[in-house]
Amino acid sequence: MTCELSPLRRHLFLTGERQVGKSTLLRRLMEARGLACSGFETQAFFLSGERRGFTLHGRVEMPPYENNCVVCVRVGEKRSVPVLPVFEQNGVSILQRSMEAPAPFILMDELGRLEREASAFGAQVLACLEGEKRVLGVLQQCDAPLVEAIRRREDVSVITVTRENRDELLEAILRAL
């Protein structure tokens, strides 16, 4: 069965269940099209072989002590807490630098619950969507205000990734671009 998509809008976000392959699909899309992206990625960090949280990795030039900072800490099974100053200072700086970077795309991988209290970061995300560059990102499936604001935008396509469609979606997105 071939997966078909409507023509994509200016910005593209993927959503879906945890660990379904949203970030992997975005990386494959970037590689397939050779897309230069500034922006950020969240990356898991581990202690003694266990995932203890995530760091915020900026894809722009930054002083080393301002990049790869811990953005959330795991405090229980399926429970994490945000490190708000990292969103509000480092995250905002990453996005501001991304708007000025030469790359034509801004990557936002990923946005969701943790940013709920990070108002300056949320405002900067929305400023990026209003800017000249196109945004590629991942949205958690949640009812967070920032996620809902992005979903409601007329210039955003949100595609749901599932285990059943994830292998066909890359070609469908490439055809729809």
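Overview of the structure. (Residues numbered from 1 in each chain as written. Predicted model: local features only at pLDDT ≥ 70, side-chain atom pairs only at ≥ 80, totals over all residues. Heavy atoms only, no water.)

**Side note on the sheet that holds strand 3 (residues 50-58)**
So, point 1. The strand order across the open sheet formed by 8 strands is 5-4-3-2-6-7-1-8, and the pairing between neighbours is mixed. Pairing within the sheet leaves two strands with one partner each, and these edge strands are strand 5 (79-82) and strand 8 (156-161). Sheet twist, expressed as the average angle between the axes of neighbouring strands with direction ignored, equals 25°.
So, point 2. As judged from the 4 bridges shared by strand 3 and strand 4 (residues 69-76), these two strands associate in the antiparallel manner. Of the residues in strand 4, the one forming a bridge with Thr 55 is Val 70.
So, point 3. Where helix 1 (residues 22-33) meets the sheet, it contacts strand 1 (11-16), strand 2 (37-47), strand 6 (105-111), strand 7 (134-140) and strand 8, and its direction lies at approximately 165° from that of strand 7. (Pairing = 2+ DSSP bridges. Helix = DSSP H or I, 4+ residues; strand = E, 2+ residues; numbered from the N terminus. Axes fitted to C-alpha atoms, helices over the stretch in contact; angles between N-to-C directions. Contact = heavy atoms within 4.5 Å.)

**Quick look at the nonpolar core**
So, point 1. Phe 13, Met 108, Leu 111, Phe 121 and Ile 150 are the most contacted members of the largest nonpolar core, which totals 31 residues.
So, point 2. When residues of this core are traced back to their parent elements, those giving at least two are strand 4, helix 2 (84-100), strand 6, helix 3 (119-130), strand 7 and helix 4 (145-152).
So, point 3. Broken down by element, this core gets its largest block of residues, 5 residues, from helix 2.
So, point 4. Not counting chain neighbours up to four residues away, the residues in contact with Leu 111 comprise Phe 13, Phe 40, Phe 121, Val 125, Val 138, Leu 139, Gln 140, Leu 146, Val 147 and Ile 150.
So, point 5. Judged by nonpolar contacts, the second largest core, of 21 residues, contains Leu 26, Leu 35, Leu 169 and Leu 174. (Core = buried A, V, L, I, M, F, W, Y, C linked by side-chain atoms within 4.5 Å. Buried < 20%, exposed > 50% of the residue type's maximum accessible area, 1.4 Å probe, protein only.)

**What about the packing of aromatic side chains?**
Pairs of aromatic rings are described using the distance from one ring centre to the other and the angle between the two planes.
So, point 1. For the structure on display, the rule yields 2 aromatic pairs.
So, point 2. Taken together, a centroid distance of 5.2 Å and an interplanar angle of 55° make the contact between Phe 87 and Phe 121 tilted. Of this pair, Phe 87 sits in helix 2 while Phe 121 is found in helix 3, placing the two residues 34 residues apart along the sequence. Each of the two residues, Phe 87 as well as Phe 121, counts as buried. (Phe/Tyr/Trp six-rings, centres within 6.5 Å; stacked < 30°, edge-to-face > 60°.)

**What about helix 2?**
So, point 1. Taking 1.5 Å of rise per residue, 17 residues should cover 24 Å, and helix 2 covers 24 Å from first to last C-alpha, within 8% of that figure.
So, point 2. At Gly 91, helix 2 shows its maximal kink, close to 30°.
So, point 3. When helix 2 is considered as a whole, its buried residues turn out to be Val 86, Phe 87, Asn 90, Gly 91, Val 92, Ser 93, Ile 94, Leu 95 and Ser 98.
So, point 4. Buried residues along helix 2 sit in contact with strand 2, strand 3, strand 4, strand 5, strand 6 and helix 3. (Expected span 1.5 Å × (residues − 1). Bend = angle between axes of the 7 residues up to and from the residue.)

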